[in-house]
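Structural description and commentary
Take a look at the letters that make up each chain.
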Number of protein chains: 2
Amino acid sequence: MATEIRKKLLRMFTETEDDFLSGQKISEELGCSRTAVWKHIEDLRQEGFELEAVRRKGYRIKKIPDKISHNEITLGLKTTSLGRQVHFKESVTSTQKIAHQLAYDGVPEGTLVVSEEQTTGRGRLNRSWHSPKYTGVWMSLILRPNLPPAKAPQLTLLTAVAITQAIEEVTGLRPDIKWPNDILINKKKAVGILTEMQAEADKINSVIIGMGINVNHQIDHFPKELHSIATSLSIELGKTVNRAELIQSILLHLENLYERYLQHGFYPIKLLWESYAISIGKRIIARTITGTLEGLAKGITEDGILMLEDDQNCIHYIHSADIQIGND
Amino acid sequence: MATEIRKKLLRMFTETEDDFLSGQKISEELGCSRTAVWKHIEDLRQEGFELEAVRRKGYRIKKIPDKISHNEITLGLKTTSLGRQVHFKESVTSTQKIAHQLAYDGVPEGTLVVSEEQTTGRGRLNRSWHSPKYTGVWMSLILRPNLPPAKAPQLTLLTAVAITQAIEEVTGLRPDIKWPNDILINKKKAVGILTEMQAEADKINSVIIGMGINVNHQIDHFPKELHSIATSLSIELGKTVNRAELIQSILLHLENLYERYLQHGFYPIKLLWESYAISIGKRIIARTITGTLEGLAKGITEDGILMLEDDQNCIHYIHSADIQIGND
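As recorded in an unreviewed UniProt entry, chain A goes by Bifunctional ligase/repressor BirA and comes from Sutcliffiella rhizosphaerae. Within the UniProt record for chain A, the comment given under Function (unreviewed entry) is "Acts both as a biotin--[acetyl-CoA-carboxylase] ligase and a repressor." Taken verbatim from the UniProt record of chain A, the Catalytic activity (unreviewed entry) comment is "biotin + L-lysyl-[protein] + ATP = N(6)-biotinyl-L-lysyl-[protein] + AMP + diphosphate + H(+)".

Right under this line is the structure:
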């Protein structure tokens, strides 16, 4: 929605006497058709406004979106390094894109890019990630571990553990991790992680971890084709979740795990990861670039590679795939 | 040198009657001291001008720098993919930086960034790379192989073979490769390669191969501290080298090797590489982040990792190090 129309509309809602604003009145004051009014109201819903529509009275704002701000993220943040530098933007193309530029320009480890909205959010393999305004946590964190590029997949798994722990802590929900980078609640996807890096051939310069978390979405925030496979924390919990608190909790869990990882290696992280993983010990179908494999998910290797045992008892090591669990 | 002064000075040289321009006259017309004149003349030398100084007559331009242009690179280029898109700039901070941005924005495989000068050229581990104007080949090539990040070191070795073959073809010189990314002529460094990438945790998005080749440098183009360890093709050859021709030859050799690599894997490249490698079969000292190792360089693995056998006959696998050969 154009900023000017949005402003006008919100001012009308603020100034109306009985909270309600009729479609007729909006249409007159904005000088647009009733269909356009309906479209503007839908846009506000997409931005996180809860709007009630009552016959003969019109529309009423029940709840304005909960916004996050730079202050809210940093105030009370308990980490020593992660998130100590925050780049907060109201709207971006993608937080990954901004973080890539910052990483190249040499910002310190722990720098975080957060936005209320991504217009072209991306997931793995350049798939799009739907990131409507004021509803989710869309952020990218820059790490600078002194590691070879082959270790980067471990950081995806580490991040999955941190987000799972944070969701448990803040909401009490029990998420499951699906290899390599999804977090599910009641078998529906609530979180995606995108680990990217800038590296020399033998040495990581920076890892840019993108996190997309569906927090306060209502079901109609999702495009229709996602209704059966996506969910949000608030849908599963039945109430809204404080996003700044969730961000702080994720950063603290991430920092703790990351320090442990740098000191003791991947093994302790691997055990935690396996304890949350939904696919391990189950029959899975793995779709890779070169073909489809079916068999038992045995676990992950020290490097974070998935081990699949096929029906001839042969172990396959899977670096990259889309996983389908059992008869999902 | 400020552009205005440079322009004025070159105009004076163009307009002088007997080719010679006295220091006195330059000093008067530019309104600067004799020391400043000397400095400006040195700056022209750094830019690739050959200047003769004759007592009582002054300075004379013997040779203006040979410039490369977009046209010269693309005209007669025999590749089908590499270098078909060229971004040519007179001066840049670093071609890697520009190529990184282009790669992120999705330019096609084979896109090449070339510049006449880098003001902040970089080598491995963020070391600076001296790149004076009109003397070298400073370029960055974008590849998009469908490979895991751990394979990237192979592309450094492949590039080293391509540049070595191109130098042989264009100049007749016999360069040696020093693991992992240097090319030496008569034991002095003439070429550096910097392989960087943008990747997802398990999949390369783009490899950005930076190549710095000292071509038409005279010894005083190098900072003093490099005189004993650096050289240029023209110093070793005794005449100047056509840089556009060298670029075209490198791109063609690279394309042939790259196609062979994608079809048949690293093994044929490995054999070629070992045939040019100076360190293999010799005693070397390898300085890594974690310490210094000494022993016999046995060869490289299928993945391009250096194998060093120490005096206890134990094989060490070296991913990243600075190598010193024998008693260099």
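Following the structure, the description resumes.
1. A word on the sheet that holds strand β11 (residues 292–300) of chain A
Residue and element names in this part refer to chain A. Strand order in the open sheet formed by five strands is β13-β12-β11-β10-β14, with antiparallel pairing between adjacent strands. With partners counted over all chains shown, the strands left at the sheet margins are β13 (315–318) and β14 (322–325), one partner each. Between one strand and the next, the sheet's axes are offset by a mean angle of 45 degrees, whatever the strand orientation. Examined bridge by bridge, β11 and strand β12 (residues 306–309) share four bridges and lie antiparallel to one another. Paired with Ile-300 across the bridge in β12 is Leu-306.

2. Some points on the interface of chain B and chain A
Where interface size is quoted, it is often the accessible area lost as the parts come together. Tallying the contact residues gives 30 residues for chain B and 30 residues for chain A. In terms of surface lost to chain A, no three residues of chain B exceed Tyr-104, Glu-200 and Ala-201 of chain B, which account for 27% of the buried area on that side. Linking chain B to chain A there are two salt bridges. In this structure, Asp-105 of chain A and Lys-97 of chain B form a salt bridge, with 3.8 Å as the shortest nitrogen-oxygen distance. At the level of elements, α5 (95–104), α6 (152–171), β8 (188–200) and β9 (203–214) of chain B are the ones that each hand at least two residues to the side of chain B that touches chain A. Inspection of the sheet shows strand β8 (residues 188–200) of chain A paired to β8 of chain B by five bridges, in the antiparallel sense. Bridge pairing in β8 of chain B places Glu-200 of chain A opposite Glu-196 of chain B.

3. Quick look at the packing of aromatic side chains
Each aromatic ring pair is described using two quantities: the centre-to-centre distance and the angle formed by the ring planes. Residues and elements named next belong to chain A. Scanning all chains against the criterion turns up two aromatic pairs over all chains. Aromatic side chains Tyr-261 and Phe-266 sit 6.4 Å apart centroid to centroid with 90 degrees between the ring planes, which places their arrangement in the edge-to-face category. Judged by relative accessible area, which is 5%, Tyr-261 ranks as buried.

4. Some thoughts on the side chain of Thr-135 of chain A
Counting through the fold element by element, Thr-135 of chain A comes out in the loop between β4 (112–115) and β5 (136–143). Thr-135 of chain A has contacts with Gln-46, Val-215, Asn-216, His-217, His-221 and Arg-243 of chain A, leaving out every residue within four places of it along the chain.

5. Here we look at the nonpolar core
In this structure, Leu-233 of chain A together with Leu-233 of chain B are the most contacted members of the largest nonpolar core, which totals 134 residues. Those residues in contact with Leu-233 of chain B that sit more than four places away from it in its chain are Ile-167, Thr-171, Leu-173, Ile-185, Ala-190, Ile-213, Asn-214, Val-215, Val-241 and Leu-246 of chain B.

6. Here we look at the domain arrangement of chain A
Residue and element names in this part refer to chain A. Considered domain by domain, chain A is made up of domain 1 (3–63), domain 2 (70–275) and domain 3 (279–325). For domain 1 versus domain 2, the distance between C-alpha centres works out to 34 Å. Contacts between the two partners involve seven residues from domain 1, matched on the other side by nine residues from domain 2. Taken over both partners, the interface formed by domain 1 and domain 2 buries close to 550 Å², and the fraction arising from carbon and sulfur atoms is 41%.

7. Some thoughts on the UniProt feature "DNA-binding region" (unreviewed entry) in chain A
According to UniProt, the "DNA-binding region" (unreviewed entry) feature falls on residues 23–42 of chain A. Within the segment residues 23–42 of chain A, helix and strand shares are 85% and 0% respectively, and the terminal C-alpha atoms sit 13 Å apart.

8. A short note on the sheet that holds strand β11 (residues 291–300) of chain B
Residue and element names in this part refer to chain B. With antiparallel pairing, the five strands of this open sheet are ordered in space as β13-β12-β11-β10-β14. The open sheet terminates on both sides in strands that have one partner only, identified here as β13 (315–318) and β14 (322–325). The mean angle between the axes of side-by-side strands here comes to 45 degrees, regardless of whether they run parallel or antiparallel.

9. As for the packing of helix α1 (residues 3–15) of chain B against helix α3 (residues 34–46) of chain B
Residue and element names in this part refer to chain B. α3 packs onto α1 with a crossing angle of 90 degrees between their chain directions and a minimal axis gap of 11 Å. Here α1 is positioned roughly perpendicular relative to α3, judged by the angle of their axes. Each of Ile-5, Arg-6, Leu-9, Leu-10 and Phe-13 in α1 lies in contact with α3, whose residues at this interface are His-40, Ile-41 and Leu-44. For the contact of α1 with α3, the residue count by class is six nonpolar, one polar and one charged.

10. Let's talk about unusual backbone geometry
Of the consecutive residues Trp-179 of chain A and Pro-180 of chain A, the connecting peptide bond is found in the cis state with omega at -5 degrees. Unlike most non-glycine residues, Tyr-134 of chain B shows phi in positive territory, near 65 degrees. On the secondary structure map, Tyr-134 of chain B appears in the loop between β4 (112–115) and β5 (136–143). We note that Asn-313 of chain B has phi near 60 degrees; this positive angle belongs to a residue other than glycine. Considering the arrangement of structural elements, one finds Asn-313 of chain B in the loop between β12 (306–309) and β13.

11. Considering the pairing of strand β10 (residues 283–287) of chain A
All names here are of chain A. One ladder, built from five bridges, connects β10 with β11; its direction is antiparallel. In the strand pairing of β11, Arg-283 is matched with Leu-296. Remark: four residues form the turn of the hairpin made by β10 and β11, two consecutive strands paired antiparallel; Gly-291 in that turn has positive phi of roughly 160 degrees. Bridge analysis of β10 against β14 gives four bridges, and the strand direction is antiparallel. What sits directly across from Ala-286, in β14, is Ile-323.

12. Digging into the relation of the copies chain B and chain A
With an axial shift of 0.0 Å and an RMSD of 0.2 Å, the rotation relating chain B to chain A amounts to 180 degrees. A rotation of that kind, with that shift, is consistent with a two-fold axis. By residue overlap, the copies meet face to face through one surface: 100% of the interface positions of chain B are interface positions in chain A.

13. Quick notes on the pattern of salt bridges
Using the criterion set out here, one finds 36 salt bridges over all chains in the structure. Across the pair Glu-274 of chain A and Lys-270 of chain A runs a salt bridge whose closest N-O atoms are separated by 3.3 Å. With a gap of four residues between them, Glu-274 of chain A and Lys-270 of chain A both fall in helix α9 (residues 267–276), about one helical turn apart. Relative accessible area serves as the criterion here: at 24%, Glu-274 of chain A is assigned to the partly exposed category. Classification of Lys-270 of chain A by relative accessible area gives buried; the value is 12%. Its salt-bridge partner being Lys-133 of chain B, residue Glu-117 of chain B comes within 4.0 Å of it at the nearest N-O pair. A residue pair is termed long-range when its members are at least 10 positions apart, and Glu-117 of chain B in the loop between β4 and β5 and Lys-133 of chain B in the loop between β4 and β5 qualify at 16 residues. Taking the relative accessible area as the measure of exposure, Glu-117 of chain B reaches 21% and is therefore partly exposed.

14. As for the UniProt feature "domain: BPL/LPL catalytic" (unreviewed entry) in chain A
Under the present numbering, the feature "domain: BPL/LPL catalytic" (unreviewed entry) in UniProt falls on residues 75–262 of chain A. A distance of 27 Å separates the end C-alpha atoms of residues 75–262 of chain A, which is 29% helix and 26% strand.

15. Some words on the pairing of β8 of chain B
All names here are of chain B. Counting buried residues in β8 gives eleven out of 13 residues, a clear majority hidden from the surface. Bridging between strand β7 (residues 182–185) and β8 involves four bridges; their strand directions are antiparallel. Pairing of Asp-182 across the sheet is with Gly-192, part of β8. Counting the residues in the hairpin turn of β7 and β8 gives two residues, including Asn-186, whose phi is positive at 50 degrees. Bridging between β8 and β9 involves ten bridges; their strand directions are antiparallel. Looking at the pairing, Ile-193 lines up with Met-211 of β9.

Thresholds, definitions, all that
Residues numbered from 1 in each chain as written. Chains lettered and ligands numbered in written order. Predicted model: local features only at pLDDT ≥ 70, side-chain atom pairs only at ≥ 80, totals over all residues. Heavy atoms only, no water. UniProt positions renumbered as here; feature names shortened; annotations may be inferred. Pairing = 2+ DSSP bridges. Helix = DSSP H or I, 4+ residues; strand = E, 2+ residues; numbered from the N terminus. Axes fitted to C-alpha atoms, helices over the stretch in contact; angles between N-to-C directions. Contact = heavy atoms within 4.5 Å. Buried area = accessible area lost by both parts, 1.4 Å probe. Salt bridge = Lys/Arg side-chain N within 4 Å of Asp/Glu carboxyl O. Phe/Tyr/Trp six-rings, centres within 6.5 Å; stacked < 30°, edge-to-face > 60°. Buried < 20%, exposed > 50% of the residue type's maximum accessible area, 1.4 Å probe, protein only. Core = buried A, V, L, I, M, F, W, Y, C linked by side-chain atoms within 4.5 Å. Domains from an automatic or database assignment. Parallel < 35°, antiparallel > 145°, perpendicular 65-115°, else oblique. Nonpolar A, V, L, I, M, F, W, Y, C, P; charged D, E, K, R; others polar. Least-squares fit on C-alpha atoms with pLDDT ≥ 70 in both.

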